[in-house]
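Single-letter residue listing:
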Amino acid sequence: MSVPDDKLGASVGSPVLELLYNNKEETMRDVVNEVYKKMKVGAVAWVRPVAAKGDTLETFQSSYEHAKALADEGLITIGDVKRQADNMIEAIRIHRIA
């Protein structure tokens, strides 16, 4: 028996909807980690959103946090961050050190 989407939210309550939203967030592509894994030690790369893989400028904003986490672990350094006039990040330059 299927339940229409509009009735599903009413029947399960908001905590379940929040859980579904959080699961969607967790499956978001980690562009920085993907680029890091393909790099050789000592290499430098610009990380940008890839529209063909479903990335948007809005979803790319969390990539800076992922890059900072890798930098905190001592795996990369962040060389430069290019921002648009509205302060949205459009590219991150990373250097793999480990």
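Residues numbered from 1 in each chain as written. Predicted model: local features only at pLDDT ≥ 70, side-chain atom pairs only at ≥ 80, totals over all residues. Heavy atoms only, no water.

K.L.:
A description of the overall build of the chain should follow, citing residues and the corresponding values.
P.N.:
The number of helices and strands found in the chain is five helices and three strands. Along the chain, helices and strands appear, N-terminal first, in the series α-α-α-β-α-α-β-β. Buried positions account for 19% of the 98 residues belonging to the chain. For the chain, contacts bridging at least 24 residues in sequence account for 56% of all contacts bridging at least 6. For the chain, the accessible area works out to roughly 6800 Å², and carbon and sulfur atoms hold 54% of it. (Helix = DSSP H or I, 4+ residues; strand = E, 2+ residues; numbered from the N terminus. Buried < 20%, exposed > 50% of the residue type's maximum accessible area, 1.4 Å probe, protein only. Contact = heavy atoms within 4.5 Å. Areas by Shrake-Rupley, 256 points an atom, 1.4 Å probe, with all protein chains shown as cover.)

K.L.:
Break down the pairing of strand β1 (residues 44-47) for me, citing the residues and quoting the values.
P.N.:
Only one face of β1 is buried, namely the one carrying Ala-45 and Val-47, since none of Val-44 and Trp-46 on the opposite face is buried. Here four bridges tie β1 to strand β3 (residues 89-96), and the two strands are oriented antiparallel to one another. Note that in β3 the partner of Trp-46 across the bridge is Arg-93. (Pairing = 2+ DSSP bridges.)

K.L.:
Can you explain the nonpolar core? Please cite residues and give values.
P.N.:
Grouped together as the largest cluster of nonpolar side chains are 14 residues, with contacts concentrated most on Val-32, Val-47, Phe-60, Leu-70, Ile-76, Ile-92 and Ile-94. Put simply, the parts of the chain that give this core at least two residues each are α3 (31-38), β1, α5 (63-72) and β3. (Core = buried A, V, L, I, M, F, W, Y, C linked by side-chain atoms within 4.5 Å.)

K.L.:
Now, about the side chain of Asp-55: what can you tell me, with residues and values included?
P.N.:
Its location among the elements puts Asp-55 in the loop between β1 and α4 (57-60). By relative accessible area, Asp-55 is classed as buried at 11%. Here Arg-29 takes part through its side chain, which lies 2.4 Å from a polar atom of the side chain of Asp-55. A distance of 2.9 Å separates the side chain of Asp-55 from the backbone nitrogen of Val-50, its partner in a polar contact. (Polar contact = N/O pair within 3.5 Å; in protein donor to acceptor, adjacent residues only side chain to side chain.)

K.L.:
Which residues make up the environment of Val-32, and what are the values?
P.N.:
Within the secondary structure, Val-32 is located in helix α3. For the pair Val-32 and Pro-49, spaced 17 residues apart in the sequence, the C-alpha separation amounts to 9.7 Å. Every residue in contact with Val-32, bar those within four places of it in the chain, is listed here: Val-47, Ser-63, His-66, Ala-67, Leu-70 and Ile-94.

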